[in-house]
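# Geometric and topological summary
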Amino acid sequence: MRDVAESSETVAAPSGAQLGAARKFVKAHGKPSRAVVENIGRAGARVVLVGADGALGDVVVPSVATGEALVEAVEDLAPATWDAETVKQTKIGPEHRRKMAGK
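Everything numeric here is computed off the predicted structure, so don't read it as measured data.

Now for the overall build of the protein chain. Summing up its helical and strand segments, the protein chain has 4 helices and 4 strands in all. When the elements of the protein chain are put in sequence order from the N terminus, they spell out α-β-β-β-α-β-α-α. Counting only C-alpha atoms, the protein chain reaches 55 × 30 × 25 Å along its principal axes. In the protein chain, which comprises 103 residues, the share counted as buried stands at 32%. Carbon together with sulfur atoms contributes 53% to the accessible area of the protein chain, which is approximately 7,100 Å² in total. Here the protein chain carries 14 positive and 13 negative side-chain charges, and the mean point of each set is 11 Å from the other.

Turning our eyes to something else, we now look at the side chain of Thr-90. Note on placement: Thr-90 falls in the loop between helix 3 (84–89) and helix 4 (94–100). Using a relative accessible area of 19% as the deciding quantity, one classes Thr-90 as buried. Of note is the side chain of Thr-90, whose polar atom sits 2.7 Å from the backbone oxygen of Val-87. Apart from residues no more than four positions distant in its own chain, Thr-90 is found in contact with Val-50, Gly-54, Leu-56 and Trp-82.

Turning our attention to the nonpolar core. Most often, soluble globular proteins have nonpolar side chains that are buried together. Formed by 15 residues in total, the largest nonpolar core has its most connected members in Ala-35, Val-47, Leu-49, Leu-70, Val-74 and Leu-77. Of all the secondary structure elements, the ones that give two or more residues to this core are helix 1 (16–29), strand 2 (45–50), strand 3 (56–61) and helix 2 (64–73). Those residues in contact with Leu-49, other than ones at most four positions away along the chain, are Ala-22, Phe-25, Arg-34, Ala-35, Ala-55, Leu-56, Gly-57, Asp-58, Val-59 and Leu-77.

For the structure on display, the rule yields 4 salt bridges. Linking Glu-38 and Arg-46 is a salt bridge whose minimum nitrogen-to-oxygen distance equals 3.8 Å. Using a relative accessible area of 29% as the deciding quantity, one classes Arg-46 as partly exposed. When salt bridges that share partners are traced, they join Glu-38, Arg-46 and Asp-58 into one network.

On to the sheet that holds strand 3, then. Through backbone hydrogen bonds, the strands of a sheet pair up, either in parallel or in antiparallel fashion. The sheet built from 4 strands is open, its strands ordered 3-2-1-4 with mixed pairing. Two strands close off the open sheet at either side, each with one partner strand: strand 3 and strand 4 (77–79). Looking at each pair of strands side by side, their axes are set apart by 30° on average, direction ignored. Bridging between strand 2 and strand 3 involves 6 bridges; their strand directions are antiparallel. Within the sheet, the bridge partner assigned to Ala-45 lies in strand 3 and is Val-61.

Definitions and cut-offs
Residues numbered from 1 in each chain as written. Predicted model: local features only at pLDDT ≥ 70, side-chain atom pairs only at ≥ 80, totals over all residues. Heavy atoms only, no water. Helix = DSSP H or I, 4+ residues; strand = E, 2+ residues; numbered from the N terminus. Buried < 20%, exposed > 50% of the residue type's maximum accessible area, 1.4 Å probe, protein only. Areas by Shrake-Rupley, 256 points an atom, 1.4 Å probe, with all protein chains shown as cover. Lys, Arg positive; Asp, Glu negative; His and termini not counted. Charge placed at Lys NZ, Arg CZ, Asp CG, Glu CD. Polar contact = N/O pair within 3.5 Å; in protein donor to acceptor, adjacent residues only side chain to side chain. Contact = heavy atoms within 4.5 Å. Core = buried A, V, L, I, M, F, W, Y, C linked by side-chain atoms within 4.5 Å. Salt bridge = Lys/Arg side-chain N within 4 Å of Asp/Glu carboxyl O. Pairing = 2+ DSSP bridges. Axes fitted to C-alpha atoms, helices over the stretch in contact; angles between N-to-C directions.

Given below as structure tokens:
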């Protein structure tokens, strides 16, 4: 039998700037807001913010674990997945659509 060693990876705490950005988003777009943490490979993770008003925002962090810690640390920010309720809450406006299209 082989012993399986647990990962000793250290979780980087969210920075003050990352926490501030998420708190500012919640304040501007309503409570409760939702956060979906997505792995983006070597770049880390993207915390997609969905405001109570349907606005979208994001914060990039070094890892999924850091993203999860960010969500836990911000009051009125609830962890979410891209379930039907979260998708239905989003309102993508024309400016955001242009940005996603690279225009």
